[in-house]
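Single-letter residue listing:
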Amino acid sequence: MPAATADRKLFLGARMKRLRRDLGLTQSRMAEDLGVSPSYLNLLERNQRPVTAQVLLRLAEAYDLDLKSLSSDPDSGSATDLTEVLSDQMFRDLGVPRHEIAEVADSAPGVAEAIVRLYRAYLEKRRLSEFGAVGRPEEGTFDQPSPSDWVRDYIQAQKNYFGDLEEAADRLSAELKPEPQDFAAAARERLAKVHGIAVRIVPVDVLPESVRRFDHHRRRLFLSEVLTGAGRAFSLAYQLAVLENGELLDALADRAGPPDRPTRNLLKVSLANYLAAAVLMPYARFAEAAERTAYDIELIRARFGVSFEQACHRLTTLARPGARGLPFFMVRVDSAGNISKRFAGATFPFSRFGGACPRWNIHSSFRTPGRIITQIIETPDGQRYFTIARTVARVSTPYSGDESELAIGMGCELKYAERLVYSRGLDLADPVATGIGPACRICERPACPQRAAEPISRTLTVDDFTKSISPYPFASN
């Protein structure tokens, strides 16, 4: 919890004002909730008074807040994204200091996000221009983020938690009452009795380019034979989610305000996937199982009949007010380092425009397929995380020689590691931590043999007489 001490005063005016507006409260109402006068709250919001420990505790109690979300951390997600943008060569002459970036991200997060979106559109246009694929300016093709980027950012802005979907999942799960580890049978029965839908497992040549297809006219749900048991159960849960909560999914998708139809469609599918996972792994039972097993993912997935990746993803969604789980983050990468999934229940300095740091052993997991490996990592701001990584297989297809493995990386702050089965036997009080960074251009970690570029904030120091460990040595200040 952030501490309001004499040597570190917390000025959180912008965040308190943003919280109040998000909650739709007047200053008088919030002041009443916090037990302070409206004039004192006004001073807090204008940063003319520091926030005391008592006010922080009242904020947490009144609005069920994670106090870390209010901490005055200059390396928050918005600040990290903005720092990465300003590390581009085009801004090098500006030399924008960290405290200015943190101030913009803290006081005007909407402005920071607008800058990030503009930069992303610029990058996409530049990348396509290199391949001669940019359309005419009037076509407006790249004036907005891609559907996948927009949806990913929206889900992360919600901290990967949707209370309405959790409530719907609890109701559906209670009605299904599936036998332990036999969700598929209960789902098939409900599809048949309530919706008149028959489920058929079909050969791969019938569905050569998909694994699930619903025929509205014939009332048939076709599932590919290449799906695992966990994959078939998830497909059944997805179909039930769409059939029984279609109006809710539509309402949530519309409320988000996506910029176009493709983005809305992708968001609705993503929300339906969330709902399907919540039906398979009901919140209360899943959270209890996670705690009781010390977050043993292999045991959890076996208990709920899901895949390793599905269990990992579900762990990032445990943010129900009053019943929060550990704040995990998760990424999925391919062997080339491309990130195809990233979710977080709390802040993690993901690189928004690149891959994961090569010093994180998620990349090494490809050398030990199916085996869980652990690592303690430290980001440039000194924050430490406990991480695990393991490969997972893509959906099986007829042999083609294509790479079939992906890697899943999971982690949480080191202070939570003692609650994880994977940390047993490790010295968490004095751990060996591997330094990583969000992106080479904004990472100031010296002597890194994996460095691909010098940091924007430092001067490159290459000469004819010394061969350094790093291919891009730089001055210390």
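Residues numbered from 1 in each chain as written. Predicted model: local features only at pLDDT ≥ 70, side-chain atom pairs only at ≥ 80, totals over all residues. Heavy atoms only, no water.

Undergrad: What's the story with the packing of aromatic side chains in this structure? I'm lost.
TA: The geometry of an aromatic ring pair is captured by the separation of the ring centres together with the interplanar angle, meaning the angle of the planes. Going through the model one piece at a time under the given rule, you end up with 8 aromatic pairs. Between Trp150 and Tyr154, the aromatic rings sit 5.5 Å apart at their centres with planes inclined by 10 degrees, giving stacked as the arrangement. Of this pair, Trp150 and Tyr154 both sit in helix H8 (residues 147–157), 4 residues apart, roughly one helical turn. Ring-pair connections join several aromatic residues into one group, and the members of that group are Trp150, Tyr154, Phe162 and Tyr274. The side chain of Arg320 reaches across the aromatic face of Tyr283, ending 4.3 Å from its centre. Residue placement shows Arg390 over the ring face of Phe308; its charged tip is 4.2 Å from the ring centre. (Phe/Tyr/Trp six-rings, centres within 6.5 Å; stacked < 30°, edge-to-face > 60°. Helix = DSSP H or I, 4+ residues; strand = E, 2+ residues; numbered from the N terminus. Lys NZ or Arg CZ within 6 Å of the ring centre and 35° of its normal.)

Undergrad: Mind showing me how you'd approach the sheet that holds strand E6 (residues 373–378) here?
TA: As a general point, the strands of a sheet are linked pairwise by backbone hydrogen bonds and lie either parallel or antiparallel. One open sheet accounts for 6 strands, arranged E5-E4-E8-E7-E6-E9; its pairing is mixed. Only two strands of the sheet have a single partner each, and these edge strands are strand E5 (339–344) and strand E9 (434–435). (Pairing = 2+ DSSP bridges.)

Undergrad: Mind showing me how you'd approach helix H14 (residues 283–292) here?
TA: The α-helix advances 3.6 residues per turn, and as a result positions three or four apart in sequence lie on the same side. Taken as a whole, H14 has its buried residues at Tyr283, Phe286, Ala287, Ala289 and Ala290. Mapping the buried residues of H14 onto a view down its axis gives an arc of 160 degrees, with all of them on the same face. In H14, the exposed positions that point more than 90 degrees away from the buried face belong to Ala284 and Arg292. On its buried side, H14 packs onto helix H9 (163–176), helix H15 (297–304) and helix H16 (308–315). Where H14 terminates, the next one or two residues include Ala294, which has phi positive at roughly 55 degrees. (Buried < 20%, exposed > 50% of the residue type's maximum accessible area, 1.4 Å probe, protein only. Arc of directions from axis to C-beta. Contact = heavy atoms within 4.5 Å.)

Undergrad: Can you help me understand the confidence of the model for the protein in this one?
TA: Parts of the prediction with low pLDDT should not have their coordinates interpreted in detail. Averaged over every residue, the pLDDT of the protein is 84; residues scoring 70 or more account for 87%. Note that pLDDT drops below 50 for residues 136–142; the model gives that stretch 7 contacts with residues more than four away or on any other chain. (pLDDT = per-residue confidence, 0-100.)

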